[in-house]
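Understanding the architecture of this molecule
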Amino acid sequence: MATKLTININIDVLESAAELSEQELKAMELAQQAAADAYAPYSNFLVGAALVLEDGTMFKGSNQENAAYPSGLCAERTALFGLSAHYPNAKIKLLAVTARRRHEQEFLPAMPCGACRQVMAEYEFKQKEPIPVLLQAADGKFYRFKSVADLLPFQFTPEHL
Ligand code: THU
């Protein structure tokens with residue numbers, strides 16, 4: 001008989017912004033600002049991502065769409081690739097993501113797509129330290145993950161090559 005493998009993932013559910021740390025709040029606010037700068041004329045779905053570095057420096061990204069749809073890029077990867085291009089040795093201490101529809105105030109659940117999770121996993125592997133991830137959730141709540149690994153179990157890493 002097959003043995004069963006159970007994966008336990010612990011996620012902190014924060015009921016409101018009042019439960020975020022000071023750093024998390026700053027990162028989420030930067031992600032919200034970044035969303036306002038998204039270039040998303042096709043989906044009108046604005047996504048913002050913010051990265052916090054070891055020294056407290058923050059870096060942002062937003063989704064960048066294209067008339068040739070697949071040529072666009074998600075906010076998370078825009079932020080991560082931009083950071084890596086500017087500061088190749090930066091250690092990421094936090095990644096925060098939020099989203100909303102254009103012309104609407106309410107922030108919506110920001111669930112990183114599979115490709116973005118894979119890219120996050122690469123940088124987590126590279127820095128040899130977990131990257132905590134803070135996601136906007138429904139109804140003004142937030143999800144706090146301890147690491148990208150919790151968002152992407154069974155991930156493909158350079159070790160599998
Ligand atoms: N999008 C992101 O920026 N991040 C995600 O994790 C999911 C989707 C963007 C891509 C596209 O510009 C728009 O949201 C609608 O899919």
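These figures come from a predicted structure and were not determined experimentally. (Residues numbered from 1 in each chain as written. Predicted model: local features only at pLDDT ≥ 70, side-chain atom pairs only at ≥ 80, totals over all residues. Heavy atoms only, no water.)

Details of the site of the ligand
- The environment of the ligand is formed by Ser-43, Phe-45, Val-47, Asn-63, Glu-65, Cys-74, Ala-75, Glu-76, Met-111, Pro-112 and Cys-113.
- Between an oxygen atom of the ligand and a side-chain N or O atom of Asn-63, the distance comes to 2.9 Å.
- The contact in question runs from an oxygen atom of the ligand to an N or O atom on the backbone of Cys-113, over 3.1 Å.
- Considered on its own, the ligand offers 370 Å² of accessible surface; in the complex 73% of this is hidden by protein.
- Of all the secondary-structure elements, those providing two or more residues to the shell around the ligand are strand 2 (45-53) and helix 2 (75-86).
- In terms of residue class, the shell around the ligand is made up of seven nonpolar, two polar and two charged. (Near = heavy atom within 4 Å. Polar contact = N/O pair within 3.5 Å; in protein donor to acceptor, adjacent residues only side chain to side chain. Areas by Shrake-Rupley, 256 points an atom, 1.4 Å probe, with all protein chains shown as cover. Helix = DSSP H or I, 4+ residues; strand = E, 2+ residues; numbered from the N terminus. Nonpolar A, V, L, I, M, F, W, Y, C, P; charged D, E, K, R; others polar.)

A closer look at helix 3 (residues 114-127)
- Between its first and last C-alpha atoms helix 3 spans 20 Å; for 14 residues at 1.5 Å apiece the expected length is 20 Å, and the two agree.
- Against helix 2, strand 4 (92-101) and helix 4 (148-151) lie the buried residues of helix 3.
- Taken from the residues just after helix 3, Lys-128 is the one with a positive phi, measuring 55°. (Expected span 1.5 Å × (residues − 1). Contact = heavy atoms within 4.5 Å.)

Overview of helix 2
- Taking 1.5 Å per residue, 12 residues should reach 16 Å; helix 2 reaches 16 Å between its end C-alpha atoms and fits that length.
- Listed in full, the buried residues belonging to helix 2 are Ala-75, Glu-76, Arg-77, Ala-79, Leu-80, Gly-82 and Leu-83.
- Packing partners of the buried residues in helix 2 comprise strand 2, strand 3 (58-62), strand 4 and helix 3. (Buried < 20%, exposed > 50% of the residue type's maximum accessible area, 1.4 Å probe, protein only.)

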